[in-house]
Amino acid sequence: MSSGTETESSHTYRRSSAGRPWVLVFGTLFVCAWSGNQFSPMLLLYRDVAHYSSAMVTLFLGIYVLGLAPALIVAGAISDNSGRRRPMFYAVCFGLAGSVLLAIGEFGPIPICIGRLLAGMSVGTAMAVGTSWLKEVSQQPYDAAADAGAGARRASLAFTLGSAMGALVAGSIAQRGPWPEVFPYAVHILVAAPFLWLVRKPPETVTFTGNHTSLHTRLIVPSAGHPRFRRVVLIAGPWLFAACALSYGYLPVLLADASGDLGLAYATLLSVVALVSGALVQPLAQRIDSVSSARGTVVSLATLTVGLMIMMLAIALDQLAIGVVASIVFGCGFGIGLVSGLLEVQRIAPAAHLARLTGIFYAVAYLGFITPTIIASLTPPFTTMALLTVLAVLMILSTLAILMSYRTHLPADARRTPA
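Reading guide: rules and limits
Think of each chain on its own: its residues are numbered from 1, step by step along the sequence as written. In keeping with the model being predicted, local features are shown solely for residues with a pLDDT of at least 70 and side-chain atom pairs are shown and tallied solely at 80 or more, while totals for entire chains, interfaces and linings include all residues. Hydrogens are left out, water is left out, and the side-chain values use all remaining heavy atoms of the structure. By definition here, a salt bridge exists when the distance from a side-chain nitrogen of Lys or Arg to a carboxyl oxygen of Asp or Glu is within 4 Å. Strands here mean DSSP runs of E at least two residues long; helices mean DSSP runs of H or I at least four residues long; both are numbered from the N terminus. The buried label applies to any residue whose accessible area, calculated with a 1.4 Å probe on protein chains only, is under 20% of its type's maximum; exposed applies above 50%, and partly exposed to all values in between. Definition of a polar contact: a pair of N or O atoms within 3.5 Å, with one able to donate and the other able to accept a hydrogen when the atoms are protein atoms, and with sequence-neighbouring residues admitted only if both atoms are side-chain atoms. Whether two residues are in contact is decided by their heavy atoms: any pair within 4.5 Å suffices. To pair, rings of Phe, Tyr and Trp, with the six-membered ring standing in for Trp, must have centres within 6.5 Å; the planes then decide the type, stacked if under 30 degrees apart, edge-to-face if over 60, and tilted in the middle. Here, a charge over a ring means that NZ of Lys or CZ of Arg falls within 6 Å of the ring centre while also lying within 35 degrees of the ring normal. Only buried residues count toward a nonpolar core. Its members are Ala, Val, Leu, Ile, Met, Phe, Trp, Tyr and Cys residues joined through side-chain atoms within 4.5 Å. In this scheme, patches are assembled from residues that exceed 30% relative accessible area and form no salt bridge. Like charges are connected within 9 Å, while nonpolar side chains (Val, Leu, Ile, Met, Phe, Trp, Tyr) are connected within 5 Å. We get accessible surface area from the Shrake-Rupley algorithm with a probe of 1.4 Å; when it comes to residues, only the shown protein chains can shield them.

Notes on the pattern of salt bridges
- Taken as a whole, this structure holds nine salt bridges when the rule is applied.
- A salt bridge links R84 to E136, with the shortest nitrogen-to-oxygen separation between them at 2.5 Å. Placement of the pair is R84 in the loop between α4 (54–82) and α5 (85–103) and E136 in helix α6 (residues 109–136), with a sequence separation of 52 residues.
- Overall, R84 belongs to the buried group, its relative accessible area being 1%.
- Given a relative accessible area of 10%, E136 falls into the buried group.
- Several salt bridges share partner residues, and in doing so they unite D80, R84, E136 and R356 into one network.

Here it is, written out as structure tokens:
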């Protein structure tokens, strides 16, 4: 870990003639997000070309979470104690190793599973640590022009744009390009490799005191017990990535007959449309967010509920165009919810807990990514439409639960965390 203090890092940065350090942190988070989502539009390729079963394909999609969730928690705990730079370096390494294994996936499902696990570790580490690092370099003394919400906006934007680029590049190559099971991952390797060096450039923002506390102690996050976090942030979190998984992970599979030979292109389109919509809505998302209520979170869940209903209509009518509309609505709800969730976390967490609480938020949120795997495992005996109806009801109940805490335990009181 870096042994330099935050003050020394600040002086080093001010003496340099380099640009804003947030740009390099943004880029690192971008390439890690790319590694995580480049697989999503490839699901139909593995099912129809590599002839894996639908159950195996959804396993490939879901195993990603097994690497991501622990990385979110552990990386955040390590980073809050010892620094941001080294965990982000490892995040890039995990992403590159994952792409290498996915590129040799033609040798069987084991490299694919391990590659997806490493991709999850990359994204988990980058989201917990990079989001916190980006927030810290998006304020004084590193960025005097940034407003209070710039860090959350930039982190959300880096994730959504990186995810969109991963889907766009991989899906486009897989549909029409050479070596469809290899070349998409080779492109990511070429783009991400320079960040093994670039990630060393931004200033360290965490002071390393030399106190080597146990990992168990570092995993304890008192601010996670704050009622605002439990009653608002955690309830909404899983629905964000459930929407992503349904939109561009599962909907293309359900509409595969309608898309025919253009299945990969359609899956890519849904990924890009959802994530670009999530990115474009983020300036509006910050205006919707409120420190005096859970308005941003409620708007997000209401939008996601509408998106789910449109998705059900697309499936019932077997209409590709309606599926695109569903992805746009899902993306808007996701973007609003991600910005609002990160702003809530940043208002709740003291500086010493920021990466850890961010990691917990993302870990819970990413549980929603296994939604298609659960639906596939329950179909049969239940029908897809019946299970989606249950999801819609649960989403509405979640919104009502958040409304019960709409103006209670407000962010102004958030730092008074329980002992």
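Focus: the side chain of Q38
- Inspection of the secondary structure puts Q38 in the loop between α2 (22–37) and α3 (43–48).
- Here S35 takes part through its backbone oxygen, which lies 3.4 Å from a polar atom of the side chain of Q38.
- In this structure the side chain of Q38 is engaged in a polar contact, spanning 2.9 Å, whose partner is the side chain of S99.
- Here Q38 is in contact with S99, G166, A167, A170, P184, Y185 and H188, once residues within four sequence places are set aside.

Some points on the packing of aromatic side chains
- For the structure shown, the criterion picks out 17 aromatic pairs.
- Here the aromatic rings of F241 and F334 are separated by 5.3 Å at their centres, their planes lie at 75°, and the arrangement is edge-to-face. Residue F241 is located in helix α11 (residues 227–254), and its partner F334 is located in helix α16 (residues 320–348); the two are separated by 93 residues in the primary sequence.
- Given the relative accessible area of 1%, F241 is considered buried.
- Relative to Y362, the ring of F361 has its centre 5.4 Å away and its plane inclined at 45°; by these criteria the two rings are tilted.
- Over the ring of W22 we find R154; its NZ or CZ atom is 3.9 Å from the centre of that ring.
- Note that R200 overlies the ring of F89, its terminal NZ or CZ placed 4.7 Å from the centroid.

Some points on the nonpolar core
- Ranked by size, the top nonpolar core spans 123 residues in total, and within it F241 and L308 carry the most contacts.
- Ranked by residues supplied to this core, first place goes to α11 with 15 residues.
- Non-local contacts of L308, meaning those with residues more than four positions away in its chain, are made with L246, F330, L388, L391, A392 and M395.

Section: the environment of Y366
- Among the secondary structure elements, Y366 is positioned in helix α17 (residues 354–366).
- Y366 gets classed as buried once you look at its relative accessible area, which sits at 3%.
- The contacts of Y366, once residues within four sequence positions are left out, are Y64, V65, L68, V123, M127, F159 and F241.

Quick notes on unusual backbone geometry
- Residue P141 is bonded to the preceding Q140 through a cis peptide linkage, with omega at 0°.
- Here P141 is to be found in the loop between α6 and α7 (150–176).
- Note that the residue after T379, namely P380, is joined by a cis bond; omega there is -10°.
- Position of P380 relative to the elements: it lies in the loop between α18 (371–377) and α19 (384–404).
- Notably, W179 is not glycine yet its phi reads approximately 45°, a positive angle.

Topic: a nonpolar patch on the surface
- On the surface, a cluster of nonpolar side chains totalling about 680 Å² of accessible area is made up of M309, V390, V393, L394, I396, L397, L400 and L403.
- Here the nonpolar patch takes seven residues from α19, the largest share from any one element.
- Its location among the elements puts L403 in helix α19.
- What makes L403 partly exposed here is its relative accessible area of 39%.

Everything listed here is a matter of coordinates, which is why it stays silent on function.
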